[in-house]
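One-letter residues, chain by chain:
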Amino acid sequence: MSKILHCHISVRGFLGASDSELGRMLSSVMKPGGERFASVHEFRHALMDELAKGREALPVGEPCDGFDFKTGCPGHQVERPAPLSLPSAQDLDAVAAEDTARQRTAGTEAPAV
Ligand SMILES: [Zn+2]
């Protein structure tokens, strides 16, 4: 088992960004309805509104199970993915031998006319 954490943004962290930094973010940030913010001024006001509601953390996308608007994602236990395994040299030789046999068989077939 391992633990994953979903991303969130820090409202205070964003409010501490300069206008030019927030301006660069405008194209990738949307209002809850999916609309884009018209200006840095509107974005900054929306962040202040979130703080006024007591929200310190905002989810990136839909909030996950147990998302806390003060601390963010609580973390989730997940099954550890199986480690990658590369084929052995013997496996590769077997595949190459099959390919060679298939090509020989194909080569002996009479061409369709
Ligand atoms: Zn989460």
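Residues numbered from 1 in each chain as written. Predicted model: local features only at pLDDT ≥ 70, side-chain atom pairs only at ≥ 80, totals over all residues.

### Looking at the confidence of the model for the chain
Next up, step 1: Scored by pLDDT, the chain comes out at a mean of 87, with 90% of its residues at no less than 70.
Next up, step 2: The secondary structure element of the chain with the lowest average pLDDT is helix H4 (residues 89-108), at 76, and the one with the highest is helix H1 (residues 11-15), at 97. (pLDDT = per-residue confidence, 0-100. Helix = DSSP H or I, 4+ residues; strand = E, 2+ residues; numbered from the N terminus.)

### Points about the environment of Phe67
Next up, step 1: Along the polypeptide, Phe67 turns up in the loop between strand E3 (57-59) and strand E4 (76-78).
Next up, step 2: A count of 16 C-beta atoms within 10 Å places Phe67 in the partly exposed class.
Next up, step 3: It is 9.5 Å that separates the C-alpha atoms of Phe67 and His8, two residues lying 59 residues apart in sequence.
Next up, step 4: Not counting residues within four places of it along the chain, the set of residues in contact with Phe67 comprises Pro59, Gly72 and Cys73. (Buried ≥ 20, exposed ≤ 12 C-beta atoms within 10 Å, placed from the backbone. Contact = placed C-beta atoms within 7 Å.)

### Some remarks on the environment of Ala97
Next up, step 1: Here Ala97 shows up in helix H4.
Next up, step 2: You can call Ala97 exposed: it has 10 C-beta atoms within 10 Å.
Next up, step 3: Residues Ala97 and Leu86, spaced eleven residues apart in sequence, show a C-alpha to C-alpha distance of 18 Å.

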